[in-house]
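So you can see what is in the structure, the chains are spelled out below.
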Amino acid sequence: MFDGDLEDLPLLAAARAVCASCQSLKDCTVYATESMDKTTFLAGLTAAEREAVRRRSERTIHRRTVVGRMRAENVTASEVSFYTEYPLRSIELDMAGLAAG
């Protein structure tokens, strides 16, 4: 059993290897994401790693929403970057994705 102890790097690597080869990894990832468990090693990730992924995902969704709204008002990528302080390259990619459909 592995509790996500980051101090034991060989055990962490072994736990990740077990998860990577598991037939239930996809279902486990869904469970790990939806459960918001803050202590358990799940789907090959520690609780802290899953929290970081969740935060990045929320920020990305928010950024894309803001970019979409500003683009609808014909605000340029440079202006969006200036007003929001989001990286210009991220905004350009968001706008390209919006244009593609």
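Above this text is the structure in question.
All of these numbers come straight from a predicted model, not from anything done at the bench.

Break down the overall build of the protein for me, citing the residues and quoting the values.
Within the protein, the secondary structure is distributed over 5 helices and 0 strands. Written out in order from the N terminus, the α and β elements of the protein read α-α-α-α-α. Taken over the C-alpha trace, the protein has a radius of gyration of 19 Å; the compact-globule value for 101 residues is 13 Å, which it surpasses by more than 25%. In terms of overall dimensions, the protein has C-alpha extents of about 55 × 25 × 20 Å along its principal axes. Counting only residues that meet the buried cut, the protein has 26% of its 101 residues in that class. For the protein, the proportion of contacts with a sequence separation of at least 24, taken over those separated by at least 6, is 37%.

Let's hear about the pattern of salt bridges: which residues, and what values?
Counted under the stated rule, the structure contains 9 salt bridges. Taking the shortest distance from any N to any O, the salt bridge between Arg 55 and Glu 51 comes out at 3.6 Å. In this pair, Arg 55 and Glu 51 are both assigned in helix H3 (residues 47-72), 4 residues apart and thus about one turn of the helix distant.

Tell me about the nonpolar core, residues and numbers included.
Looking at soluble globular proteins, one finds that nonpolar side chains tend to be buried together. Membership of the largest hydrophobic core is limited to 9 residues, which are Val 66, Val 67, Met 70, Val 75, Ala 77, Val 80, Tyr 86, Ile 91 and Met 95. Elements with a minimum of two residues in this core: H3, helix H4 (77-84) and helix H5 (88-100). Looking at this core element by element, the count peaks at 3 residues for H3. When residues no more than four places from it in sequence are discounted, the contact partners of Met 70 are Val 75, Val 80, Tyr 83 and Thr 84.

Please set out the packing of H3 against H5 residue by residue, giving values where relevant.
Helix-helix packing is described using two parameters, namely the angle between the two axes and the distance between the axes. Look at H3 against H5: their axes get within 10 Å of each other, and the N-to-C directions meet at 70 degrees. Between H3 and H5, the angle is such that the two are roughly perpendicular. As for the relative orientation of H3 and H5, their crossing is right-handed in sense. Contact with H3, carried on its side by Arg 63, Arg 64, Val 67, Gly 68 and Arg 71, involves Ser 90, Ile 91, Asp 94, Met 95, Leu 98 and Ala 99 of H5 and no other residues of that element. Residues that form the contact of H3 with H5 fall into these classes: 5 nonpolar, 2 polar and 4 charged.

Conventions and cut-offs
- Residues numbered from 1 in each chain as written.
- Predicted model: local features only at pLDDT ≥ 70, side-chain atom pairs only at ≥ 80, totals over all residues.
- Heavy atoms only, no water.
- Helix = DSSP H or I, 4+ residues; strand = E, 2+ residues; numbered from the N terminus.
- Rg over C-alpha atoms; globule rule 2.2 N^0.38 Å.
- Buried < 20%, exposed > 50% of the residue type's maximum accessible area, 1.4 Å probe, protein only.
- Contact = heavy atoms within 4.5 Å.
- Salt bridge = Lys/Arg side-chain N within 4 Å of Asp/Glu carboxyl O.
- Core = buried A, V, L, I, M, F, W, Y, C linked by side-chain atoms within 4.5 Å.
- Axes fitted to C-alpha atoms, helices over the stretch in contact; angles between N-to-C directions.
- Parallel < 35°, antiparallel > 145°, perpendicular 65-115°, else oblique.
- Left-handed = near helix turned anticlockwise from the far one by under 90°.
- Nonpolar A, V, L, I, M, F, W, Y, C, P; charged D, E, K, R; others polar.

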